[in-house]
There are 2 protein chains.
Amino acid sequence: MSFEVKEKDLLGRIGKLKTKSGTIETPLLFPVINPSVQPVLPQRLKDVFGFEAVITNAYILKKRYQNKPIEEGLHKFLKFNGATMTDSGAYQILVYGDVEYNQKEIVAYEESIGTDIATILDIPTGWRVTKEQAEITVAETHRRAKEFFNLKTRKDMLWVGPVQGGKHLDLVADSAKEMGSLPFDIHALGSPTEVMENYRYDVLAEMILTAKKGIPIERPLHLFGAGHPSMFAIAVSLGCDLFDSAAYALYAREGRYMTENGTWRIQEMDYFPCTCPNCTSETPKSLMTKSAKERTVFLAEHNLWACISELKRIKQAIRDGRLWELTEMRAHAHPALLSALKRVKNHKDFLETFNPSIKNSGFFYFNPEGLARPEITHYKNRLLNRYTPPTNAKALLLLPQTRNKPFHKSPEMKKIRQLLRTIGSNYAEQIHIAVFCAPFGIVPLELDEIYPLSQHETARPFDRETIEYIAEQTTAYIKQMPYNSVTILNDQKLWNKHITIAAKDACTEKGIMFEAIEANKEESNKQLITNLKAALLKQLSN
Amino acid sequence: MSFEVKEKDLLGRIGKLKTKSGTIETPLLFPVINPSVQPVLPQRLKDVFGFEAVITNAYILKKRYQNKPIEEGLHKFLKFNGATMTDSGAYQILVYGDVEYNQKEIVAYEESIGTDIATILDIPTGWRVTKEQAEITVAETHRRAKEFFNLKTRKDMLWVGPVQGGKHLDLVADSAKEMGSLPFDIHALGSPTEVMENYRYDVLAEMILTAKKGIPIERPLHLFGAGHPSMFAIAVSLGCDLFDSAAYALYAREGRYMTENGTWRIQEMDYFPCTCPNCTSETPKSLMTKSAKERTVFLAEHNLWACISELKRIKQAIRDGRLWELTEMRAHAHPALLSALKRVKNHKDFLETFNPSIKNSGFFYFNPEGLARPEITHYKNRLLNRYTPPTNAKALLLLPQTRNKPFHKSPEMKKIRQLLRTIGSNYAEQIHIAVFCAPFGIVPLELDEIYPLSQHETARPFDRETIEYIAEQTTAYIKQMPYNSVTILNDQKLWNKHITIAAKDACTEKGIMFEAIEANKEESNKQLITNLKAALLKQLSN
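Note on numbering: residues in each chain are counted from 1, in written sequence order. Ligands are numbered from 1 and chains lettered from A, in the order in which they are written. Only residues with pLDDT of at least 70 get local features here, since the model is predicted, and only at 80 or more are side-chain atom pairs given and counted; chain-wide, interface and lining totals rely on the full set of residues. To obtain the side-chain values, all non-hydrogen atoms of the structure were used and water was disregarded.

A. Expanded view of the overall build of chain A. Here a strand is any run of E in DSSP of at least two residues, a helix any run of H or I of at least four, and the numbering for each starts at the N terminus. On a plain count of helices and strands, chain A comes out with 24 helices and 20 strands. By definition, residues are in contact when any of their heavy atoms lie within 4.5 Å. For chain A, long-range pairs separated by at least 24 residues make up 73% of all intrachain contacts whose partners lie at least 6 apart in sequence. Only the protein chains shown count as cover for residues, and the accessible areas themselves come from Shrake-Rupley with a 1.4 Å probe. Within the structure as shown, chain A displays about 21,100 Å² of accessible surface, and the carbon and sulfur contribution to it stands at 49%.

Shown next as structure tokens:
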């Protein structure tokens, strides 16, 4: 196996990909090398910036340089001693309709120049195509993929099998399944460029996740043409391991300055919001006095720094188990990225399947997008499918979450325990305490130290959708568990009446007793405890 | 006037503060200099990192170095040729209860060492204090402030008048008003350190905004002890211009690595997510092989890079009119920061008063926190207080927002215009078209090019709270404007039935005709247009 996963979080992972020119660490961006116009020398990409691999286009090499890359070998031709990848001309098919060579010629060329990672000559689906057209591209890509395995002669190269289908997700699913059944080393999501150009990151997210479900999870997934650092985090979260892009150079030529949070035109900048060696040695003003060529090199290098540092942030986040937090932050760089993150909830069970369930990091909850997080799905499933309350638990006492965590150590819970002592052990034994808490739902008190139930922080006040989720969980819990009665102490300031209503409705439906004590500013804590005691006694003596 | 505002956005601003040692640009962080343990030489702070000013503690200088700083002058004593600020020992009063010198002695010392920006010896309120205790600190601070103006002899220094009151906002308001009535050059929010240590950024936000409302807007506001780059954006948005902190050095000594998104312990790091000169020359692993002292210097310098680059990002964001977007992104570094941002809605009218109403930047809308943005408040006020529909407009036709902007140029609107042509000009003239759109509400079609009505991007699907806001705006608009009828074409996928219900209820209350056409997937566009035409004709012929 050429790919080994070292750490994972969400569908993202830090992996080691073994190539014949050395092992490279993923997630990884392959900067595109254009041998005829290259603002940053390939070897500098590795030595100065730390890019362990580059990509170039085998079709263009063959057309423009013919035998020279064969004679020199690709690495010497590019003057690059790391890993090399070649694209096949498929993108040119998308743009120009056809290319001058057939797959047999391209595959033979890729083998003869000795690239480390090569791509078959697939047929990209594109963006504004009908389902019928899309079906043709998927079928032809699959036909070529099967043909390829008869053309291939070398065993030391890694081969990429692109998944096509475009925005037609059922076709993407078919394509992923078919391509995934063939012995490719790596898969790629075909031509997302136009989807990204149209800022339809929501569609891209669905495409990636659909592809991901079809291909073997242990193979790396490459996202073609993705080179803006603002979208690396979400792409990695959804399971992309490899990226390639010429954006660093193309943007530089147009005077555009990339950051993990968006792009600036250099003329609009008064300050460089970056500490890279370039940005700490010039100001936007001083840069404008330089030649156009110097400016392009300056910007290409800055853009590369922006890309590599974002990849490091992502790797550190995976290692920390905080990739969601990083991704949610980055999703606030552009509404189209947040729209993409909002789609994750359609796939939350898939995410939950592969996500490590125990981490050592704090869990930060901000907005309802976070309800798609695997920790929340995991907890919900465990609670409703595997948990049963203690056998003598007849009366459920629902309490609002406390600021202190774990809840059972909070000062509020101390008062509740005092109350239970005054109620008599016969009754007290029958009372089961659970806390309702954003964003997890119902937490039986004896579970409150399980990760991440006491290792989370939630922004306040809670938003409507989160409160509704907690209300739904409350309903589901009460309906399922064998209590005879439910008493709720509600904190209206945080929850309004939503949880109380949900609990009441569930009790009514189930035909069990229900009492609600509403905490509000007017009433003293002492009075609350008295009311709570009366409610519990009423239920237990019934 | 020593302070001149160059650019502004929200309550943040880029300003020039004139001191006797030169003009410094705000927002600005004064790194705290501890003359006895200083990991980075003061002059390097300016020459290498670009910090134009530093702060030190006059009380500690007097106690420890007595006459030496007087003889040498503060600048020579610190070996720093930029602007200098001195704190007065007030923080030591908070920590130790009292200090060895009185205000007269401290003020005389500050004058004799020739600091550029000096602080009176106020009495910090602190965090866990009763209202009675807090009142005493506010009253004593005010007494000392008035006394100070009799003690002061030099005219070339800038003086800081701290606002006290702690979490008791009514006291903060009183203190701000009283201190603001005295001729200070600069104000400061007293001792927020404990509030920040307890992660009560929500309380801090209320404190800052309350102080800001009381002091003259043209004076800079200093936030004492704020030195973490993750909170600079929100603090600047709320009107803080100056910061000071020893955190860069204290964190470094504890092996903590600051970023604009949070803090890491150096032992937990596999990657440096930063491109500063330090982080591009070492790895976390290589750093661990160095001496403790070298590590401290490395981290202190990295922390300074993290601070200065965040200040540049903030300044660029102010210049771009995108400070909200930066702040909302940063608020996703910690739930406590988002909790603070959620408080802004309590002060949205205040924000609106000072925010420039026209910008040249796109407006990005993500989550309901954004409803507090001044552009939204501004538009709502203008629409409801100053707008009247065309005089012949009898029938309001409400249409859902289109993906294309401006709305009137969208393909959907072209179809509506075609429909109006078939309806006869007599009727068509009486129809007034408006769009319901997140996050602004009702947009009469003739206004749809006003900033930012066609320069915004909104994440989809819309969240519940945003939809409810649009529903409220729909109700308010219908109730106020003199239409005889309302027809709504609803896009259920985006809006569910919320806007339709709001419009219907408003019409019922007002006693005017109402028709709703629900767009859903089953119906063809042609059928929709036919239904819409029928509905309009029914209303107009009535």
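There's more to say after this.
B. Expanded view of the packing of helix α6 (residues 103–113) of chain A against helix α7 (residues 131–151) of chain A. Residues and elements named next belong to chain A. Fitted lines through C-alpha atoms give the axes, limited to the stretch in contact for helices. The angle between two N-to-C directions lies from 0 to 180 degrees. The interhelical angle for the contact between α6 and α7, taken along N-to-C directions, is 50 degrees, at an axis separation of 10 Å. Viewed along their axes, α6 and α7 adopt a mutual orientation that is oblique. In this structure, the crossing between α6 and α7 has a hand that is right-handed. Of the residues in α7, those touching α6 at Gln103, Lys104 and Val107 are Arg144, Glu147, Phe148 and Leu151. Classifying every residue of the contact of α6 with α7 gives three nonpolar, one polar and three charged. Roughly parallel refers to an angle under 35 degrees, roughly antiparallel to one over 145, roughly perpendicular to one between 65 and 115, and oblique to any angle outside these ranges. Crossings are assigned a handedness: left-handed for a near helix turned anticlockwise from the far helix by less than a right angle, right-handed for a clockwise turn. Gly falls in the polar group here, along with every residue not listed as nonpolar (Ala, Val, Leu, Ile, Met, Phe, Trp, Tyr, Cys, Pro) or charged (Asp, Glu, Lys, Arg).

C. The pattern of salt bridges, seen in detail. All names here are of chain A. Within this document, salt bridges are pairs made up of a side-chain nitrogen of Lys or Arg and a carboxyl oxygen of Asp or Glu, the two lying within 4 Å of each other. Under the definition given, this model contains 62 salt bridges over all chains. Between Lys479 and Glu509 there is a salt bridge, and its shortest N-O distance comes to 3.3 Å. In this pair, Lys479 sits in helix α21 (residues 464–480) while Glu509 sits in helix α23 (residues 498–510), placing the two residues 30 residues apart along the sequence. Relative accessible area decides the class of each residue, using a 1.4 Å probe on protein chains only: under 20% of the type maximum gives buried, over 50% gives exposed, and in between gives partly exposed. On the accessibility criterion, Lys479 (38% relative accessible area) is partly exposed. Connected through shared salt-bridge partners, Glu140, Arg143, Arg144 and Glu147 make up one network.

D. Examining the packing of aromatic side chains more closely. Centres within 6.5 Å make a pair out of two Phe, Tyr or Trp rings, where for Trp the six-membered ring is used; the pair is then stacked when the planes are under 30 degrees apart, edge-to-face when over 60, and tilted otherwise. Across all of its chains, the model carries 38 aromatic pairs over all chains by this definition. Pairwise contacts between aromatic rings join Phe148, Phe149, Trp159 and Phe184 of chain A into one cluster. Only when the NZ of Lys or the CZ of Arg is both within 6 Å of the ring centre and within 35 degrees of the ring normal is a charge said to sit over the ring. If you follow Arg322 of chain A out to its NZ or CZ, it ends over the ring of Phe364 of chain A, 4.2 Å from the centre. Between the NZ or CZ atom of Lys167 of chain B and the centre of the ring of Trp127 of chain B, over which it lies, the distance is 4.9 Å.

E. Spatial organisation of the relation of the copies chain A and chain B. If you rotate chain A by 180 degrees and push it 0.0 Å along the axis, it lands on chain B with an RMSD of 0.0 Å. Put plainly, the chains are arranged around a two-fold axis. Of the residues that chain A buries at the interface, 100% are likewise interface residues in chain B, meaning the two copies contact each other through the same surface. When the copies are superposed, the least-squares fit draws on C-alpha atoms of residues that have pLDDT of at least 70 in both.

F. Region of the structure containing the sheet that holds strand β11 (residues 242–245) of chain A. Residue and element names in this part refer to chain A. Any two strands with at least two DSSP-identified bridges between them are counted as paired. As summarised here, the arrangement of the eight strands in space is β4-β11-β10-β9-β8-β7-β6-β5, forming an open sheet in which the pairing is parallel. Every interior strand has two partners, whereas the edge strands, β4 (28–31) and β5 (53–57), have only one. The mean angle between the axes of side-by-side strands here comes to 25 degrees, regardless of whether they run parallel or antiparallel. Of the strand pairs in this sheet, β4 and β11 are connected by four bridges, and their pairing is parallel. Across the sheet, the residue bridging to Leu29 is Phe243, located in β11. Across the face of the sheet, helix α2 (residues 58–65) comes into contact with β5 and β6 (83–87) while running at roughly 55 degrees to β5.

G. Layout of the sheet that holds strand β3 (residues 22–26) of chain B. Residues and elements named next belong to chain B. The strand order across the open sheet built from three strands is β1-β2-β3, with neighbouring strands paired in antiparallel fashion. At either end of the open sheet lies a strand with only one pairing partner, and these are β1 (3–9) and β3. In this sheet, neighbouring strand axes are inclined to one another by 15 degrees on average, regardless of whether the strands run parallel or antiparallel. Here β1 runs beside strand β2 (residues 12–19); their pairing, made up of six bridges, is antiparallel. Residue pairing for β2: Phe3 is matched across the bridge by Leu17.

H. Geometry of the interface of chain A and chain B. On the side of chain B, 55 residues touch chain A, which itself brings 55 residues to the contact. In short, buried area is how much 1.4 Å probe accessible area vanishes from two parts on joining, totalled over both. In total, about 4,800 Å² of surface goes out of reach between chain A and chain B, with carbon and sulfur atoms giving 54% of it. The tally of links from chain A across to chain B stands at four salt bridges. Across the pair Arg464 of chain B and Glu468 of chain A runs a salt bridge, and its minimum N-O distance is 2.9 Å. For this analysis, a polar contact is any N or O atom pair within 3.5 Å, provided that within protein one partner can donate a hydrogen and the other can accept it, and provided that sequence-adjacent residues contribute only side-chain to side-chain pairs. Summed over the shared surface of chain A and chain B, the result is 32 residue pairs in polar contact (both at pLDDT 80 or more). Looking at the side of chain A that touches chain B, the elements with two or more residues in it are α14 (292–320), α15 (323–330), α16 (335–343), β14 (363–365), β18 (456–458) and α21 of chain A. Grouping the constituent residues of the side of chain A that touches chain B by class yields 21 nonpolar, 11 polar and 23 charged.

I. How the structure looks around helix α10 (residues 201–214) of chain B. Residues and elements named next belong to chain B. Given the number of residues in a helix, its expected span is that number minus one, multiplied by 1.5 Å. The terminal C-alpha atoms of α10 lie 20 Å apart, and with 14 residues this matches the ideal 20 Å at 1.5 Å per residue to within 8%. Of all 14 residues in α10, 12 are buried, a share of seventy percent or more. Those residues of α10 not exposed but buried are Tyr201, Asp202, Val203, Leu204, Ala205, Glu206, Met207, Ile208, Leu209, Thr210, Ala211 and Lys212.

J. Local environment of a negative patch on the surface. Residues and elements named next belong to chain A. Side chains of Glu132, Glu135, Asp174 and Glu178 sit close together on the surface and give a patch of like negative charge. For the negative patch, the secondary structure elements donating two or more residues are α7 and α8 (169–180). Judged by its relative accessible area of 52%, Glu132 is exposed. Like-charged residues are merged into a patch within 9 Å and nonpolar side chains (Val, Leu, Ile, Met, Phe, Trp, Tyr) within 5 Å, provided each residue has over 30% relative accessible area and no salt bridge. Asp and Glu count as negative and Lys and Arg as positive, but His and the ends of the chain are not part of the count. In plain terms, the charge of a residue is placed at NZ if it is Lys, CZ if Arg, CG if Asp and CD if Glu.

K. Quick look at the environment of Phe440 of chain B. With respect to the helices and strands, Phe440 of chain B occurs in the loop between β16 (431–437) and β17 (441–444). When neighbours within four sequence positions are excluded, Phe440 of chain B is seen to be in contact with Phe363, Glu375, Ile376, Tyr379, Pro452, Leu453, His456, Tyr469, Ile470 and Gln473 of chain B.

L. Spotlight on the side chain of Thr402 of chain A. Residue and element names in this part refer to chain A. Among the secondary structure elements, Thr402 is positioned in the loop between β15 (395–400) and α19 (411–422). Assessed through its relative accessible area of 4%, Thr402 is described here as buried. A distance of 2.8 Å separates a polar side-chain atom of Thr402 from the backbone oxygen of Asn404. Among residues more than four places away in sequence, those in contact with Thr402 are Phe407, Ser410, Glu412, Met413 and Arg460.

M. Just α16 of chain A, in detail. The element α16 of chain A is largely enclosed, with a buried count of eight among its nine residues. The set of residues buried in α16 of chain A consists of Pro335, Ala336, Leu337, Leu338, Ser339, Ala340, Leu341 and Lys342 of chain A. Its buried side turned inward, α16 of chain A meets α10 (201–214), α11 (232–237) and α15 of chain A together with β14 (363–365) and β18 (456–458) of chain B.

N. Geometry of the pairing of strand β15 (residues 395–400) of chain B. Residues and elements named next belong to chain B. Most of β15 sits out of view: six of its six residues are buried. Side-chain alternation along β15 places Ala395, Leu397 and Leu399 on one buried face and Leu396, Leu398 and Pro400 on a second face that is also buried. Bridge count between β15 and β16: six bridges; the pairing is parallel. From the neighbouring strand, Ala395 faces β16, where its bridge partner is Ile431.

O. View of the pairing of strand β16 (residues 431–437) of chain A. Buried residues dominate β16 of chain A, accounting for seven of its seven residues. Adjacent in sequence and paired antiparallel, β16 of chain A and strand β17 (residues 441–444) of chain A are bridged by three residues.

P. Layout of the nonpolar core. Residues grouped as a nonpolar core are buried Ala, Val, Leu, Ile, Met, Phe, Trp, Tyr and Cys residues, joined through side-chain atoms within 4.5 Å. Counting residues in hydrophobic clusters, the biggest one holds 202 residues, and the most contacted among them are Leu223 and Met231 of chain A together with Leu223 and Met231 of chain B. Apart from residues no more than four positions distant in its own chain, Leu223 of chain A is found in contact with Leu189, Pro192, Leu204, Ile208, Met231, Ala235, Cys240, Leu242, Phe243 and Asp244 of chain A.

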